[in-house]
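One-letter residues, chain by chain:
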Amino acid sequence: MSLKTPLGRVRGLGSAKDGTEHFWIQRVTAIALVPLVIWFIAKVIALTGADYMTARAAVADPLFAVPLLLLIGTGFYHLKLGMQVVIEDYVSNDALKIPALLLNTFFCAGVGILSAFAVLQISFGG
Amino acid sequence: MSQTQQNSGRPLSPHLSVYKPQISSTLSILHRATGVALAVGVLVLAWWLVAIAGGAEAYDQFMVCMSSIPGKLVLLGFTVALNYHLLNGIRHLYWDTGRGFEIDSLHRTGWMVVIGTALLTVVEWALAYGMV
Ligand code: HEM
């Protein structure tokens with residue numbers, strides 16, 4: 001049982017009930033993405049036109065693979081939250097909105113895990 | 001818009017079809033547009049990684065596609081969207097500290113984002129393709 005007063009329990013929840021958490025994680029992922037994206041742009045510039053062995057060896061390096069996995073995890077989470085807001089804003093019909101929200105979740109989880117799995121395969125696949 | 005609404009003297013919410021585009025509203029919708037564009041852009045990232053994992057042949061195929069004119073256009077669009085979203089995202093985070101909402105500040109940071117996006121894009125492409 002919560003010892004909070006009834007007012008304390010509802011403060012900050014708003015009409016969406018859990019909107020503050022969505023907003024907050026969108027910010028946390030945004031902050032984390034700033035250094036990760038800048039790092040990644042620099043790495044991709046260095047790999048422009050690289051041949052296969054060079055690109056593979058670069059990604060397999062733990063100092064590349066670990067930040068890249070962080071970028072994939074943070075980026076796809078941020079994308080999922082962001083696209084959810086866009087869908088909620090523009091699709092008002094529930095018969096379309098709920099499938100669209102599901103598709104968004106499946107797309108982000110699917111493409112995110114596919115990307116992460118490829119990084120692991122490059123690192124450990126020998 | 002009804003006659004009573006027009007005469008009430010109250011502020012009206014913007015009717016997009018008659019609203020003059022301004023730097024503030026244009027940059028705001030561009031943050032959303034670039035976010036959605038990046039949702040497509042992540043497919044290029046996934047393809048790149050899956051191609052490397054898949055072997056030399058898959059990777060070379062990826063590189064041929066990305067070196068073609070349409071491929072380069074996709075990459076250029078991706079770069080512009082990412083640069084804009086990064087810089088305007090930092091602007092969003094600055095706003096989250098409760099600062100920067102005065103009109104002149106909004107305009108100044110807005111133009112910084114626009115010019116910064118152009119500069120970053122030129123510098124990145126010049127570095128990537130060995131033009132400097
Ligand atoms: C580079 C670092 C990034 C920063 C600093 C950043 C920042 C932000 C912020 C602050 C928001 C919330 C805007 C609002 O509340 O209106 C946002 C929204 C969004 N972001 Fe990012 N972002 C970054 C990277 C990305 C990436 C890599 C993607 C895609 C994979 C992405 C996709 C989105 C989407 C789809 C939205 C929702 C747009 C909307 O609601 O209008 N962002 N971003």
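Please read all numbers here as calculations on a predicted model, not as lab measurements.

Asks: Explain the overall build of chain A residue by residue, including any values.
Replies: Per the secondary structure count, chain A includes 5 helices and 0 strands. Taken over C-alpha atoms, the radius of gyration comes to 19 Å for chain A, far larger than the 14 Å a tight globule of 126 residues would show. Along the first, second and third principal axes, the C-alpha set of chain A runs to 60 × 35 × 25 Å. When the 126 residues of chain A are sorted by exposure, 33% land in the buried category. Within chain A, contacts between residues at least 6 apart in sequence are counted, and of these 72% link residues at least 24 apart. Accessible area of chain A: about 7800 Å², with a carbon and sulfur share of 73%. Treating the 9 positive side-chain charges of chain A as one cloud and the 7 negative ones as another, the clouds have centres 10 Å apart.

Asks: Lay out the side chain of Asn104 of chain A in plain terms, naming residues and giving numbers.
Replies: Summarising the element assignment, Asn104 of chain A is placed in helix 5 (residues 94–124). Aside from chain neighbours lying at most four places away, what touches Asn104 of chain A is Lys80, Met83, Gln84 and Ile87 of chain A.

Asks: Can you break down the site of the ligand residue by residue, with the values?
Replies: Inspection of the region around the ligand gives 20 residues, with Arg27 and His78 of chain A together with His31, Arg32 and His85 of chain B positioned closest. Flanking the ligand are residues from chains A and B. His31 of chain B is positioned with one of its side-chain polar atoms (N or O) 3.3 Å from a nitrogen atom of the ligand. Within the side chain of His85 of chain B, an N or O atom sits 2.7 Å from a nitrogen atom of the ligand. Going through the elements one at a time, helix 2 (19–46) and helix 4 (62–90) of chain A together with helix 2 (23–54) and helix 4 (69–96) of chain B are the ones with two or more residues in the shell around the ligand. Residue composition of the shell around the ligand, grouped by class: 10 nonpolar, 8 polar and 2 charged.

Asks: Go over the coordination of the iron atom of the ligand, please, and point to the residues and values.
Replies: Between any two of four tetrahedral donors, the ideal angle at the metal is 109.5 degrees; between two of six octahedral donors, it is 90 or 180 degrees. Donor atoms from the polypeptide that bind the iron atom of the ligand are His78 of chain A (NE2) and His85 of chain B (NE2), placed at 2.0 Å. The coordination sphere of the iron atom of the ligand comprises 6 donor atoms, whose angles at the metal cover 86 to 179°; the geometry is octahedral. Placement of His78 of chain A in helix 4 and of His85 of chain B in helix 4 is noted, with the two residues assigned to different chains. With a relative accessible area of 15%, His78 of chain A lands in the buried category.

Asks: Give me the lowdown on the packing of helix 4 of chain B against helix 5 (residues 103–128) of chain B, citing residues and values where you can.
Replies: Residues and elements named next belong to chain B. For the pair helix 4 and helix 5, the least separation of the axes is 9 Å and the interaxial angle reads 145°. For helix 4 against helix 5, the interelement crossing comes out right-handed. Two secondary-structure elements touch here, helix 4 through Lys72, Leu75, Leu76, Thr79, Val80, Asn83, Tyr84, Leu87, Asn88, Arg91 and Trp95 and helix 5 through Leu106, Thr109, Gly110, Val113, Gly116, Thr117, Leu120, Thr121, Glu124 and Trp125. The class makeup of the residues in the contact of helix 4 with helix 5 is 10 nonpolar, 8 polar and 3 charged.

Asks: Run through helix 3 (residues 56–67) of chain B, naming residues and quoting values.
Replies: Residue and element names in this part refer to chain B. With 12 residues, helix 3 extends 16 Å from end C-alpha to end C-alpha; this agrees with the ideal 16 Å at 1.5 Å per step. Along helix 3, the residues classified as buried are Tyr59, Phe62, Met63 and Met66. Along the axis of helix 3, the buried residues cluster in a sector spanning 95°; they form a single face. In this structure, helix 3 carries Glu57, Gln61 and Val64 as exposed residues pointing more than 90 degrees from its buried face.

Rules and cut-offs
- For every chain, the first residue of its written sequence is number 1, and the numbers climb from 1 along that sequence.
- Whichever chain is written first is A, and whichever ligand is written first is 1; the rest continue in order.
- pLDDT decides what is reported in this predicted model: residues at 70 or higher carry local features, side-chain atom pairs at 80 or more are listed and counted, and totals for whole chains, interfaces and linings draw on all residues regardless.
- Here the side-chain values reflect all heavy atoms present in the structure, with hydrogen atoms and water set aside.
- Each helix is a run of DSSP H or I of at least 4 residues and each strand a run of E of at least 2, with the numbering of both proceeding from the N terminus.
- With C-alpha atoms as the basis for the radius of gyration, the globule rule is written as 2.2 Å multiplied by the number of residues raised to the power 0.38.
- When a residue's accessible area, from a 1.4 Å probe over protein chains only, is under 20% of the maximum for its type it is buried; when over 50% it is exposed; and in between it is partly exposed.
- Whether two residues touch is decided by their heavy atoms; if any such pair falls within 4.5 Å, the residues are in contact.
- Areas reported as accessible are Shrake-Rupley estimates using a 1.4 Å probe. Residue values count occlusion only from the protein chains shown.
- Counted as positive: Lys and Arg. Counted as negative: Asp and Glu, with His and the chain ends omitted from the count.
- In plain terms, the charge of a residue is placed at NZ if it is Lys, CZ if Arg, CG if Asp and CD if Glu.
- It suffices for a single heavy atom of a residue to lie within 4 Å of a molecule or strand for the residue to be listed as near it.
- In the analysis that follows, any N or O atom pair within 3.5 Å is treated as a polar contact, provided that within protein one partner can donate a hydrogen and the other can accept it, and provided that, for residues neighboring in sequence, both atoms belong to side chains.
- Gly is put with the polar residues, along with every residue not named as nonpolar or charged; the nonpolar set is Ala, Val, Leu, Ile, Met, Phe, Trp, Tyr, Cys and Pro, and the charged set is Asp, Glu, Lys and Arg.
- Here the coordinating atoms are restricted to nitrogen, oxygen and sulfur within 2.8 Å of the metal centre, or 3.2 Å for Na, K and Ca, and because water is not among them the sites may look incomplete.
- The geometry test gives tetrahedral to four donors whose angles all lie between 85 and 135 degrees, gives square planar to four donors and octahedral to six donors whose opposite members are over 155 degrees apart with all other angles between 65 and 115, and gives irregular to the rest.
- Axis definition: a line fitted to C-alpha atoms, over the contacting stretch in the case of helices. Angles run 0 to 180 degrees between N-to-C directions.
- In this scheme the handedness of a crossing depends on how the near helix is turned from the far one: anticlockwise by less than a right angle means left-handed, clockwise means right-handed.
- The span one expects for a helix is its residue count, reduced by one, times 1.5 Å.
- An arc is given here, and it is the one of the directions from the helix axis to the C-beta atoms.

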